[in-house]
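For reference, the chains in residue letters:
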Amino acid sequence: MVGQLGHPSRVKRLSVADAGEVLTLQRAAYITEARAHDDWDLPPLLETLDETRAALSSCLSWGIRENDRLVASVRLTVTGDVGVIGRLVVAPDRQGCGLGGGLLAFAESAAPPSVMVFRLFTGAKSVGPLRLYAKHGYRETHRTPENNHELVHLEKARVRPPE
């Protein structure tokens, strides 16, 4: 995690005050996904500022800034022993630099101790994200239809260091 992100202090908690930047980053990052799936109605592209504010107020969220610019963010929603990773996004000009994988690993390590399994989903044609998630130990559990494409659901058991 530290190697991919530089110093862990680069990762900061995000709040409702960051909603405008998070939404802008999210929309920029999901254009590629919309193109790949030929679906311009993806929820991250249709999310409103109020919906982003509501999401940020009800989940854990972190981001990475470079020169005061938000370049990556992720959300974690905890329900019982499940941590759902969502909206892991990286600015298009910063993709492929390890920020997504580093932020994913950070979110997993920062999850409350009650979390025993992580879940997430992505589009079936999301080649980069599917590769990233597999590299980080996520395995496909099932697929569900979504408009004119499929969502791939993945999960990973939390790995605890030996005592």
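Going by the structure above, here's the rest.
Residues numbered from 1 in each chain as written. Predicted model: local features only at pLDDT ≥ 70, side-chain atom pairs only at ≥ 80, totals over all residues. Heavy atoms only, no water.

1. As for unusual backbone geometry
We count it as follows: Secondary structure elements are defined from DSSP: runs of H or I of at least 4 residues count as helices, runs of E of at least 2 residues count as strands, and each element is numbered from the N terminus. Only protein chains enter the calculation, and the probe is 1.4 Å; a residue is then buried if its accessible area is under 20% of its type maximum, exposed if over 50%, and partly exposed in between.
Of note, the phi angle at Asn67 is positive, near 50°, even though the residue is not glycine. With respect to the helices and strands, the residue Asn67 is situated in the loop between β2 (60-66) and β3 (69-79). A positive phi angle, near 50°, is found at Arg87, a position not held by glycine. Its place among the elements puts Arg87 in strand β4 (residues 82-90). For Arg87, a relative accessible area of 21% corresponds to the partly exposed category.

2. Things to note about the nonpolar core
Here is the rule we go by: Buried Ala, Val, Leu, Ile, Met, Phe, Trp, Tyr and Cys residues that are joined via side-chain atoms within 4.5 Å together make up what is termed a nonpolar core. By definition, residues are in contact when any of their heavy atoms lie within 4.5 Å.
Ranked by internal contacts, the top residues of the largest apolar core, which has 36 residues, are Trp62, Ile85, Leu103 and Tyr138. Elements with a contribution of two residues or more to this core: α2 (19-37), β2, β3, β4, α5 (99-110), β5 (117-123) and β7 (149-157). A per-element tally of this core places α2 first, with six residues. Among residues more than four places away in sequence, those in contact with Tyr138 are Ile85, Leu104, Glu108, Phe118, Leu120, Tyr133, Leu154, Glu155 and Lys156.

3. Considerations on the pattern of salt bridges
We apply this condition: Definition used for salt bridges: Asp or Glu carboxyl oxygen within 4 Å of a side-chain nitrogen of Lys or Arg.
Scanning all chains against the criterion turns up 12 salt bridges. Residue Arg87 is joined to Glu47 by a salt bridge in which the shortest nitrogen-to-oxygen separation is 3.0 Å. Of the two residues, Arg87 sits in strand β4 while Glu47 sits in the loop between α3 (43-46) and α4 (49-58), which places them 40 residues apart along the sequence. In this structure, the salt-bridge partner of Glu150 is Arg143, at a minimum N-O distance of 3.3 Å. The network of salt bridges with shared partners includes Arg10, Glu66 and Arg94.

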